[in-house]
Amino acid sequence: MGGKNSRVSKKTQNSSKKLEVSVNNQYSPTVASEADCKLREQPENRSLEKKTPDFMKVCERLFQDGEVLRERMHAAIRENQERISNLKEIKAKAEKDETSSDEAADQEEETSPTKSNVERNCALEAEDLEQDQEQDQEQDQEQDQEQDLEQDQEQDLEQDQEQNQEQNQEQDQEHHQEQDQEQDQEQDQEQDQEQDQEQDMDSKILYFSVNGRPEQAEFPVDCAPQDLKDLFRCAAEAGPHDILKLYNPKGNIINISPSLEPNTPSSCYKLEVVAADYNNEPLGAELAEVMGFDLSSMEKRLQGLEKRILTEGGETPAVVYEMKKQVDSFREKLESVEHLSWLGLFKDLSEGTHKPSPFYHKRALRKTREECDHVRDKFIQMSSLEVSEEVRQYLKTPTFDNWQWEDAEIMVLLQLMYTDLDFITTFNIEPEVLREFLFEVYRRYNHIPFHNFKHCFCVTQMMYGLIWLTDLRSRMDSVDLLIMLTSAVCHDLDHTGYNNAYQINARTELALRYNDISPLENHHCAVAFEILEKTECNIFRNVPSEQYKRIREGIIKCILATDMSRHNEILVKFKSLLPTFDFSSKDHRDVLMMILIKVSDISNEARPMEVAEPWLDCLLQEFYNQSDVEKLEGLPVTPFMDRDKVTKPSSQTGFIRFVLLPLFMELANLFPCLELHIIDPVRKALGYYTEMEKALERAKSCSSSADPQGAPEAPKADCK
Ligand SMILES: Nc1nc2c(ncn2[C@@H]2O[C@@H]3COP(=O)(O)O[C@H]3[C@H]2O)c(=O)[nH]1
Ligand SMILES: [Zn+2]
């Protein structure tokens, strides 16, 4: 059986689309892109580097950008510290000079015409500082005086330096005017003429549009980048905190710099203002901009990249989530660096408890309309295709490899399950209604690492496989089977990547709505029936109302049973029924249905290692994200999700020993044939992760004895 399946799988993978799906023996090559075929032909090339070779380059660039930003941040901090210590010196000097009389100071000024500018500046600054100190003390009595003093002194120093420079310039000019007035005038005239000529020759004109309004900017080629940015800022009527984006005619973001290519009105650039509202926008962007580093363009690049990978390779690969998480954690760090408060950027993290994840809730969680339309078109095109017999059979086995199928194809496979279990005819389901239903289900699964549409498919496919392997069709009626399959399809709808513990601790909307009782599962179920409420999606619209009632009750029961906090309760119940299990008893069947969906839900380790292991990476990513957010928000950290405590093997050995095997073995007591199909692979996985755990322990103890001061961290999600 295993041999047959692996042959089918290999054949399927190696022979591209023709074998997988065929329409009257022909498959339109336009349906599958070349990229799709390549992916299918090289199953071992699932790794991101091979799929999207440019991606790693972009990642590297992003990391480099991050490094640059960090360096700049440190430089700015150093610079600031130097300035503050200078200011302190000046302040001390000013205090010392306070004791000498104004007269004496004037005298000194007169009798020492050769005094250096620096000394004179200091004296002036001391005067100004004294005045400002008095003013500030009056104005800011309640504030921390030391801090204000430093800030004010910094501003004053700048102002004073400017004033002094102006004064010095004026004095110098007077001096020159007395001595060389005629000469200077002549020279100035000559210089002006030369400058004008040079300006004509060395200026650039750029054409661009702001909100559809044509604009043009003229500037000297050697002007400072900041001046040019200010020029564009003026043109866009943008505020000092707004972020500008300049696009070339191809739509790519380009740097606003004096080296911009001159253009013509017909190839004009497009200027956009991304308002960085001082109150609402993440302050990291603010800081990044202060430092001349465009964090939002980094994010945009990530989004573009993600979009590209979505169109080329199906769902967002896990590493993109990792990248986003890193960008966000970097942003979080910037926002919470206390000693940067002088920039006015310090953010009180206590407000964070109400703020959900920096990543999932801000963007990319929901599917965009654009990508849904794209997948929908593909699905509609493919849905009338006939799937080959080999794939039909392969779909009935736990060895099925979900990673080889894109979302539109997965919908075709789900459709096939409804067809091959005869639901279409038994329940009079119109094909277009089934399509609408499946599409809506696809749409309502989110872009998160684990609880996504592919997970929905895997759980449904395992349920489908179990139905066939245990020959449930001969033991249970179609309504029960329809309930089980549809429950699997809907069981994690609109999961946001945070478990019930988080929902309850963070007092989310869901926890409030469902009074902390299985908030997620209640929500998944409610969303399922929300979808079914739409007539065009209601696959049960042709069943008698009594049957509908039974179906609804059954689906609710099954989906609610997937809450792991009920694991023992359900397993104990099932065990108690086993010795006298009776398929004709509704109570018995109900418990069995709950067990079957639970088994399907946590069945990844029953799949071949190359299918199961990437799922574990996805799961740990979602776990780590949650525990990171819990730490950030000061919530209790879910221990099995903590990246500081959990590794791949440690997470699996315990889970397999204490959760998977006890559950699977009880089911195998009722269906002994499952021993081979799901228990053997799980035992193999346990062996694999036990070895991995030992190897890690050995590596850890070796390196800690070699380097007692710096034992390396245990490999985490990426450990192979
Ligand atoms: N450690 C581990 N946990 C798993 C695995 N598969 C499922 N789970 C957990 O089991 C839970 C089942 O319900 P959820 O989908 O809410 O979340 C799932 C995970 O927390 C696995 O392979 N390893
Ligand atoms: Zn699930």
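Residues numbered from 1 in each chain as written. Chains lettered and ligands numbered in written order. Predicted model: local features only at pLDDT ≥ 70, side-chain atom pairs only at ≥ 80, totals over all residues. Heavy atoms only, no water.

By the naming in an unreviewed UniProt entry, the protein chain goes by Phosphodiesterase and is assigned to Knipowitschia caucasica. Here the protein chain is described in UniProt, under the heading Catalytic activity (unreviewed entry), as follows: "3',5'-cyclic GMP + H2O = GMP + H(+)". (UniProt positions renumbered as here; feature names shortened; annotations may be inferred.)

(A) Structural detail: the overall build of the protein chain. On a plain count of helices and strands, the protein chain comes out with 28 helices and seven strands. For the protein chain, restricting intrachain contacts to residue pairs at least 6 apart in sequence, the fraction spanning at least 24 positions comes to 75%. (Helix = DSSP H or I, 4+ residues; strand = E, 2+ residues; numbered from the N terminus. Contact = heavy atoms within 4.5 Å.)

(B) Geometry of the packing of aromatic side chains. Scanning the entire structure with this criterion turns up 19 aromatic pairs. Consider the rings of Phe450 and Trp615, whose centres lie 5.4 Å apart with planes at 80°: the pair is edge-to-face. Linking Phe450 in the loop between α17 (431-443) and α18 (453-469) with Trp615 in helix α26 (residues 609-633), this pair joins segments that are 165 residues apart in sequence. In this structure Phe450 comes out as buried when scored by relative accessible area, which is 6%. For Trp615, a relative accessible area of 1% translates into the label buried. Judged by centre distance (6.2 Å) and plane angle (50°), the ring pair of Phe583 and Phe671 falls under tilted. (Phe/Tyr/Trp six-rings, centres within 6.5 Å; stacked < 30°, edge-to-face > 60°. Buried < 20%, exposed > 50% of the residue type's maximum accessible area, 1.4 Å probe, protein only.)

(C) A look at the packing of helix α13 (residues 369-383) against α17. Relative orientation of the contacting elements α13 and α17 amounts to 150°, with a least axis distance of 11 Å. For the element pair α13 / α17, the angle class is roughly antiparallel. Judged by the twist between their axes, the crossing of α13 over α17 is right-handed. The residues of α17 that touch α13, namely those facing Glu371, Cys372, Val375, Arg376, Phe379, Ile380 and Ser383, are Arg435, Glu436, Leu438, Phe439, Tyr442 and Arg443. (Axes fitted to C-alpha atoms, helices over the stretch in contact; angles between N-to-C directions. Parallel < 35°, antiparallel > 145°, perpendicular 65-115°, else oblique. Left-handed = near helix turned anticlockwise from the far one by under 90°.)

(D) View of the layout of surface pockets. Estimates place the volume of the second largest pocket at around 990 Å³. Within the lining of the second largest pocket, the residues separate by chemical class into 18 nonpolar, 18 polar and seven charged. (1 Å grid on protein atoms, 1.4 Å probe; cavity = no way out; pocket = protein on both sides within 12 Å on 5 of 7 lines; lining within 4 Å. Points joined across faces, edges and corners; volume = space filled by probe spheres on them. Nonpolar A, V, L, I, M, F, W, Y, C, P; charged D, E, K, R; others polar.)

(E) Structural context of the coordination of the zinc ion (ligand 2). Protein coordination of the zinc ion (ligand 2) is provided by His455 (NE2), His491 (NE2), Asp492 (OD) and Asp601 (OD), with donor distances spanning 2.1 Å. For the zinc ion (ligand 2), the four donor atoms in the first shell make angles of 83 to 172° at the metal, so the coordination geometry reads as irregular. (Donors = N, O, S within 2.8 Å, 3.2 Å for Na, K, Ca; no water. Tetrahedral: all angles 85-135°; square planar, octahedral: opposite > 155°, others 65-115°.)

(F) Spotlight on the site of ligand 1. Lining the immediate surroundings of ligand 1 are His451, Thr562, Met564, Asp601, Ile602, Leu619, Phe623, Ser651, Gln652 and Phe655. Gln652 places a side-chain nitrogen or oxygen 2.7 Å from a nitrogen atom of ligand 1. In the complex, the protein chains occlude 88% of the 460 Å² of accessible area that ligand 1 would expose alone. Placement of ligand 1 is best described as lying within the second largest pocket. Those elements that place two or more of their residues in the shell around ligand 1 are α26 and α27 (648-670). Here the element with the most residues in the shell around ligand 1 is α27; it accounts for three residues. Across the shell around ligand 1, the residue classes tally to five nonpolar, four polar and one charged. (Near = heavy atom within 4 Å. Polar contact = N/O pair within 3.5 Å; in protein donor to acceptor, adjacent residues only side chain to side chain. Areas by Shrake-Rupley, 256 points an atom, 1.4 Å probe, with all protein chains shown as cover. Sits in = over half its atoms within 2 Å of the grid points.)

(G) Highlighting the UniProt feature "binding site: AMP" (unreviewed entry) in the protein chain. UniProt marks His451, Asn452, Phe453, Lys454, His455, Asp492, Asp601 and Gln652 with the feature "binding site: AMP" (unreviewed entry), using the numbering shown here. Lining the second largest pocket, out of the annotated residues just given, are His451, His455, Asp492, Asp601 and Gln652. Checked against the element boundaries, His451 lands in the loop between α17 and α18. Residue His451 is classed as buried on the basis of its relative accessible area, which comes to 15%. Those residues in contact with His451, other than ones at most four positions away along the chain, are Tyr445, Asn446, Asp492, His495 and Glu622. Among the polar contacts listed, one links the side chain of His451 to the side chain of Glu622, at a separation of 2.6 Å. Locating Asp492 in the fold gives a position in the loop between α19 (478-490) and α20 (500-505). Residue Asp492 is classed as buried on the basis of its relative accessible area, which comes to 5%. If sequence neighbours within four positions are ignored, Asp492 has contacts with Tyr445, His451, His455, His524 and Asp601. Among the polar contacts listed, one links the side chain of Asp492 to the side chain of His455, at a separation of 3.0 Å.

(H) Spatial organisation of empty space enclosed by the protein. A complete count under the given rule lists five cavities of 30 Å³ or more for this structure. If you add up the space inside the largest cavity, you get close to 70 Å³. As for the largest cavity, its lining consists of Asp480, Ile483, Arg550, Glu553, Gly554, Lys557, Lys586, Arg589 and Asp590. Within the residue set of the lining of the largest cavity, elements represented by two or more residues are α19, α23 (545-560) and α25 (586-601).

(I) How the structure looks around the pairing of strand β3 (residues 213-220). With eight bridges connecting them, strand β2 (residues 203-210) and β3 associate as antiparallel partners. From the neighbouring strand, Val210 faces β3, where its bridge partner is Arg213. Counting the residues in the hairpin turn of β2 and β3 gives two residues, including Asn211, whose phi is positive at 50°. (Pairing = 2+ DSSP bridges.)

(J) Examining the pattern of salt bridges more closely. Tallied over the full model, the rule gives 30 salt bridges. In this structure, the salt-bridge partner of Asp477 is Arg550, at a minimum N-O distance of 3.0 Å. Note that Asp477 is positioned in the loop between α18 and α19 and Arg550 in helix α23, a separation of 73 residues in sequence. Linking Lys557 and Asp590 is a salt bridge whose minimum nitrogen-to-oxygen distance equals 3.1 Å. Of this pair, Lys557 sits in helix α23 while Asp590 sits in helix α25, placing them 33 residues apart in sequence. You can call Asp590 buried: its relative accessible area is 12%. (Salt bridge = Lys/Arg side-chain N within 4 Å of Asp/Glu carboxyl O.)

(K) Focus on the confidence of the model for the protein chain. Here the protein chain shows a mean pLDDT of 75. Residues at 70 or above account for 58%. Every residue in residues 99-130 is under pLDDT 50, and counting partners more than four places away or in other chains gives 24 contacts. Under a pLDDT of 50 for its full length, residues 710-720 has, in the predicted model, 23 contacts with residues more than four places off or in other chains. With a pTM of 0.56, the predicted complex shows an ipTM of 0.99. (pLDDT = per-residue confidence, 0-100.)

(L) Structural view of the environment of Glu622. Structurally, Glu622 can be placed in helix α26. Residues Glu622 and Ile448 lie 174 residues apart in sequence; the distance between their C-alpha atoms is 7.3 Å.

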